[in-house]
Amino acid sequence: MSAVRTVLGDVPPADLGVCDAHDHLFFGSPRLPGQELRSVAAARAELAAFRDQGGGAVVQWTPYGLGRRVADLPPLSRETGVHVVAATGLHQAVHYDEETLAGLRSRLAEVFVSELTEGIGTSGVRAGLVKVAGGFHALDAHARWTMTAAAEAHHATGATITVHLERGTGALDVLDLLCGRLGVPPDRVVLGHLNRSPDLVVHRQAAEYGCYLAFDGPSLAHHATDWRMPDAVRALADAGFGDRLLLGADTTTTAAARSLDGGPGMPYLLRRVRPRLAHAVGEELVGRILTENPGRAFGTEWRRAVR
């Protein structure tokens, strides 16, 4: 049976409710000094505000070594009544020091599998997906290493692989590697940040693989998220790919968090993005994108890894 692996245990996909398919309650990187999301109180406020807008589930894409605070996730989920999904995986090399990467060099897939099936550290909290990252219009050696390990973890467990696309680029190279050479079924892959590169032809080509396409994060001035997203979603829906679309808020810094710096935060997805998108493509489609699609994207027929 398919199940979404949340921090409180496996649940039926239909139980997620309205889902923020890509976000971060906790996140910290040396690339963003002073912008770390570390506050439990702030995370609680974000989840509560999201719930008050009708939200039912949040998928946290924060991977290994970037401040996941997994032990804090179960009580936050219980207190707010919002399902939370945690991640294993590894981001781009620039987010880590050499010592950390060296320590993972020969055992990355093993770490992913362990965090998916046994738990993250001593927390007992199991991850529900593997998050990796591409580069700007290319895949470097680090990306190929992490994606190879993610594919091994998928084959051992069935877990979904989510991919940070740098500025929304490199989608086809990622799919050629993961789904082509490494044999991951396309419906087990979620591509993030398609909104940041509003190339409708590439969007269509990626959708034709059969993967999920995530449009995630409120717009920055140099991003296309808000003002071109409705056109991109409409084009994909008109081409028959409405069942492959996901939406997320992707809160990664204190400046973006509603409860810390007065930013848009998680509630923005339902307070502003949802009605604007519904105006363009209809409430029925947006409702399916927020409820049915995440359940299929993250619902997994979990396999126990063979040791």
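Notes on the structure in this doc start here. (Residues numbered from 1 in each chain as written. Predicted model: local features only at pLDDT ≥ 70, side-chain atom pairs only at ≥ 80, totals over all residues. Heavy atoms only, no water.)

Quick notes on the pairing of strand β11 (residues 245-248)
Judged by which residues are buried, β11 turns out to be covered on both faces: L245 and L247 on one side and L246 and G248 on the other are all buried. Bridge analysis of strand β10 (residues 212-216) against β11 gives four bridges, and the strand direction is parallel. Each residue of the ladder has a partner; that of D216, found in β11, is G248. (Buried < 20%, exposed > 50% of the residue type's maximum accessible area, 1.4 Å probe, protein only. Helix = DSSP H or I, 4+ residues; strand = E, 2+ residues; numbered from the N terminus. Pairing = 2+ DSSP bridges.)

Observations regarding the sheet that holds strand β8 (residues 161-164)
Taking strand neighbours across the sheet as the criterion, the six strands line up as β6-β7-β8-β9-β10-β11 in an open arrangement whose pairing is parallel. Strand pairing shows two members of the sheet lacking a second neighbour, β6 (88-89) and β11, which therefore form its edges.

Looking at the sheet that holds strand β5 (residues 83-85)
Within the open sheet, the three strands sit side by side as β3-β4-β5. Their pairing is parallel. Only two strands of the sheet have a single partner each, and these edge strands are β3 (19-23) and β5. The mean inter-strand angle of the sheet, taken between neighbouring strand axes irrespective of direction, is 15°. By the bridge criterion, three bridges tie β3 to strand β4 (residues 57-60) in an arrangement that is parallel. Across the sheet, residue D23 finds its bridge partner in β4, namely Q60. Running at roughly 140° to β4, helix α1 (residues 40-52) makes contact with β3, β4 and β5 of the sheet. (Axes fitted to C-alpha atoms, helices over the stretch in contact; angles between N-to-C directions. Contact = heavy atoms within 4.5 Å.)

Section: unusual backbone geometry
The phi dihedral of H137 is positive, around 60°, even though this residue is not glycine. Positioned with a positive phi, R167 is a non-glycine residue whose angle comes to about 55°. When you line up the elements, R167 lands in the loop between β8 and α6 (171-181).

Some remarks on the pairing of β4
Put simply, side chains in a regular strand alternate between the two faces of the sheet. By the alternation rule, side chains of β4 split into A57 and V59 and V58 and Q60, which are all buried. In the classification by handedness, the crossover that spans β3, the intervening α1 and the parallel β4 is right-handed. In this sheet, β5 lies alongside β4 in parallel orientation, the contact comprising three bridges. What sits directly across from A57, in β5, is H83. Read as a crossover between parallel neighbours, the route from β4 over helix α2 (residues 73-80) to β5 is right-handed. (Right-handed = clockwise from strand over helix to strand, strands pointing away.)

With respect to the side chain of S29
Summarising the element assignment, S29 is placed in the loop between β3 and α1. Side chain to side chain, S29 and H95 meet in a polar contact 2.6 Å long. S29 has contacts with E36 and H95, leaving out every residue within four places of it along the chain. (Polar contact = N/O pair within 3.5 Å; in protein donor to acceptor, adjacent residues only side chain to side chain.)

Structural notes on helix α7 (residues 200-209)
If you check which residues of α7 are buried, you get H203, A206 and A207. Each buried residue of α7 lies within a common arc of 100° when the element is viewed along its axis, so the set occupies one face. On the buried face of α7, the contacting elements are α6, β9 (189-192), β10 and α8 (225-238). Near the N-terminus of α7, the side chain that reaches the backbone nitrogen of V201, with its oxygen 3.0 Å away, is that of D199. Positioned one or two residues after α7, G210 has a phi angle of 105°, which is positive. (Arc of directions from axis to C-beta.)

As for helix α5 (residues 141-157)
In a regular helix each residue adds 1.5 Å, so 17 residues correspond to 24 Å; α5 covers 24 Å between its end C-alpha atoms and thus fits that length. Regarding α5, the residues found buried are H142, A143, W145, T146, M147, A149, A150, A151, A153, H154 and T157. Of the surrounding secondary structure, the elements contacted by the buried residues of α5 are α3 (98-104), α4 (108-117), β7 (130-133), β8 and α6. For α5, the N-terminal capping position is held by D140, with its side-chain oxygen 3.2 Å away from the main-chain nitrogen of H142. Downstream of α5 by a residue or two, G158 has a phi angle that is positive, lying close to 95°. (Expected span 1.5 Å × (residues − 1).)

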